[in-house]
Amino acid sequence: MAAAAPSVFLLMVNGQVESAQFPEYDDLYCKYCFVYGQDWAPTAGLEEGISQITSKSQDARRALVWNFPIDVTFKSTNPYGWPQIVLSVYGPDVFGNDVVRGYGAVHVPLSPGRHKKTIPMFVPESTSKLQKFTSWFMGRRPEYTDPKVVAQGEGREGGNTEAVIPKAAWICLPAWLTLSFCPQ
Amino acid sequence: MAEVHVIGQIMGATGFSESSLLCKWGVHTGPGFVSPWAAWKLLSGVREGQTQVDTPQIGDMAYWSHPIDLHFATKGLQGWPRLHLQVWSQDSFGRCQLAGYGFCHVPSSPGTHQLDCPTWRPLGSWREQLARAFVGGGPQLLHGDAIYSGADRYRLHTTSGGTVHLELSLLLRHFDRYGVEC
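All values reported here derive from a predicted model rather than from experimental measurement.

S.K.: Explanation requested: the overall build of chain B in the structure shown.
M.R.: Summing up its helical and strand segments, chain B has 1 helix and 10 strands in all. Reading chain B from its N terminus to its C terminus gives the helix and strand order β-β-β-β-β-β-β-β-β-α-β. A globule of 182 residues ought to have a C-alpha radius of gyration of about 16 Å, and chain B, at 18 Å, matches this closely. Along the first, second and third principal axes, the C-alpha atoms of chain B reach 60 × 40 × 20 Å.

S.K.: Just checking my understanding: could you explain the overall build of chain A for this structure?
M.R.: For chain A, the count of helices and strands is 1 helix and 9 strands. Counting from the amino terminus, chain A carries its helices and strands in the arrangement β-β-β-β-β-β-β-β-α-β. Relative to its full complement of 184 residues, chain A shows a buried share of 49%. Carbon and sulfur atoms form 55% of the exposed surface of chain A, whose accessible area is close to 9100 Å².

S.K.: Quick question: what am I supposed to make of unusual backbone geometry here?
M.R.: Note: most peptide bonds trans; most residues except glycine with negative phi. Residues and elements named next belong to chain B. Positive phi, normally seen in glycine, also occurs at S65, with a value near 50 degrees. When you line up the elements, S65 lands in strand β6 (residues 62-74). One non-glycine residue, H174, lies in the positive phi region at around 65 degrees. As for its position among the elements, H174 is in the segment after β10 (158-173).

S.K.: Where do I start with the packing of aromatic side chains in this structure?
M.R.: To describe a pair of aromatic rings, one takes the distance between the centres and the angle between the planes. Residue and element names in this part refer to chain A. Scanning the entire structure with this criterion turns up 12 aromatic pairs over all chains. Here F34 and F74 contribute two aromatic rings whose centre-to-centre distance is 5.3 Å and whose plane-to-plane angle is 70 degrees, an arrangement assigned as edge-to-face. One end of the pair, F34, is in strand β2 (residues 29-35); the other, F74, is in strand β5 (residues 64-76), and 40 residues separate them in sequence. Summarising the burial analysis for this pair, F34 and F74 share the class buried. The positively charged end of R101 is found above the aromatic ring belonging to Y25, 3.8 Å away from the centroid.

S.K.: So what exactly am I meant to see when it comes to the pattern of salt bridges here?
M.R.: Pairs may arise between side chains of opposite charge once their charged atoms sit close together. With the rule as written, the count across this model stands at 5 salt bridges over all chains. Between A:K117 and B:E167 there is a salt bridge whose closest N-O contact spans 3.0 Å. Here B:E167 lies in strand β10 and A:K117 lies in strand β8 (residues 115-126), a pairing that spans two chains. The two residues A:K117 and B:E167 agree in class, both being buried. With a closest N to O distance of 3.2 Å, B:R132 and B:E18 form a salt bridge. One end of the pair, B:R132, is in helix α1 (residues 126-134); the other, B:E18, is in the loop between β1 (2-14) and β2 (21-28), with 114 residues separating them in the sequence. Looking at B:E18, the relative accessible area reads 16%, which means it is buried.

S.K.: Even after reading the chapter, I still don't get a nonpolar patch on the surface, so can you show me in this structure?
M.R.: A contiguous nonpolar surface patch, about 570 Å² in accessible area, is contributed by A:V94, A:F95, A:F133, A:W136 and A:F137. Take A:F137: it is sitting in helix α1 (residues 129-138).

S.K.: It is not clear to me how the environment of A:V108 should be interpreted in this structure. Could you clarify?
M.R.: Assignment of secondary structure puts A:V108 in the loop between β7 (98-107) and β8. Taking the C-alpha atoms as reference points, A:V108 and A:P83, separated by 25 residues in sequence, lie 5.9 Å from one another.

S.K.: How should the side chain of A:T54 be read in this particular structure?
M.R.: All names here are of chain A. Within the secondary structure layout, T54 lies in the loop between β4 (48-50) and β5. A polar atom in the side chain of T54 sits 3.0 Å from the backbone oxygen of V65. If we ignore the near neighbours within four places in the chain, the residues touching T54 are D26, D27, L28, L64, V65 and W66.

So, how was this worked out
Residues numbered from 1 in each chain as written. Chains lettered and ligands numbered in written order. Predicted model: local features only at pLDDT ≥ 70, side-chain atom pairs only at ≥ 80, totals over all residues. Heavy atoms only, no water. Helix = DSSP H or I, 4+ residues; strand = E, 2+ residues; numbered from the N terminus. Rg over C-alpha atoms; globule rule 2.2 N^0.38 Å. Buried < 20%, exposed > 50% of the residue type's maximum accessible area, 1.4 Å probe, protein only. Areas by Shrake-Rupley, 256 points an atom, 1.4 Å probe, with all protein chains shown as cover. Phe/Tyr/Trp six-rings, centres within 6.5 Å; stacked < 30°, edge-to-face > 60°. Lys NZ or Arg CZ within 6 Å of the ring centre and 35° of its normal. Salt bridge = Lys/Arg side-chain N within 4 Å of Asp/Glu carboxyl O. Patch = residues over 30% accessible without salt bridge, like charges linked within 9 Å, V, L, I, M, F, W, Y side chains within 5 Å. Polar contact = N/O pair within 3.5 Å; in protein donor to acceptor, adjacent residues only side chain to side chain. Contact = heavy atoms within 4.5 Å.

Listed below in C-alpha cells is the structure:
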C-alpha cells in the first residue's frame, strides 16, 4: 500500500500575555518567542515580540498587567515539535541596569478552545557566593545568550549556560505569568 | 503503524522534605513478556532526560517546567509507555541524595491530562536511616526497573516521598485501523 502523502495542518494561536505577579520587582517588560520543531513553520503573524514596560497596580493585587497580544499561525505536517512559547521578563535593578527577572516556557495548548495558563518563571543563579555578589554589584546576572534554551529538555542538568556565565544553578522565583490562549 | 504523540511538561514537585530538587525521567516501553508482534519504536524525541535543580523561594513547590515531546509508533497495545521518575536533592556542596522514585503510565485517551505521581524511597536499616539524617546518602536501587515493574517489590521496605506533577497531552493516530477505539 502506498504511503499517504504528508498532510499539512494549520495551528492558529490567538491570545495575550495577560499579567504577571512578581512580588519583589517592578517596572518589568516581557519578550516572547516561539520554539518549534523542524517540521513546523510560521505562516502568519509575529513570531516574537517585546511588550511595554509596566508598573505594579496600587491595589491589593499588585499585578503587572501587559495585555500583550499574541497572534500567530503555524503550519506543519507532524505534531512532533509542537510549538512552545518562551517568555523572558526583564526589569531594572538597583543600579538601573536591565536584568532578567524570569524565564518560562509552555507548550501551546493542543486542543482547540479557550485556555488560561499560569506559568512559573525562573532565573539561573550562580552556585558560588562570590559570583552572586559580583553579579549583583556589577549588574551582570547570569543570563541565557539564547532564551530558546529554556524550551529544550537536553542540557538542563547542571544548568549549562554559554558565554559569560560560569556554572549556574536555577532558582525559581515566586513569580507567575498568566497567558490566555484561544488556539484553533 | 499506529502513532502516539506525548507532548507536555514535568511541571514540578511538592511534598518533599528536601529542597533544591531535580528530577531524572525516562520512558519505558515494550512488553513485560517477550512478544514478537508488540514493539514500540521511538520515532522522535529523547527517551530520557534530567531537569535542572530548582530551589523554591516561597512555598513548597519546586518548578521544573521540563518539556516532554515524544513520538512513538507501535503495532500493539502491550507495553504502553510508562514514565519513570527519580527525584534527587542537591545540597550546597553539590552532592545528590535520593528523594524518591515514582512511575506513572502515559495516559491512553487523547487530550490533556494532569498527573500526580507519588514517590517512595527505600528505607534501609536504622543505622542507615541515622546516617542519612546526619551525613546524607542512603540506600538506592541498583536496577532501575524496580521503579516501574512489580516483580520483586515485596523485598523492599520503603517510605513515602513527595508528589511529582505532570501535564501531558496525548495525540493518537491510525488506531482505528487496528480496531482500537479512542
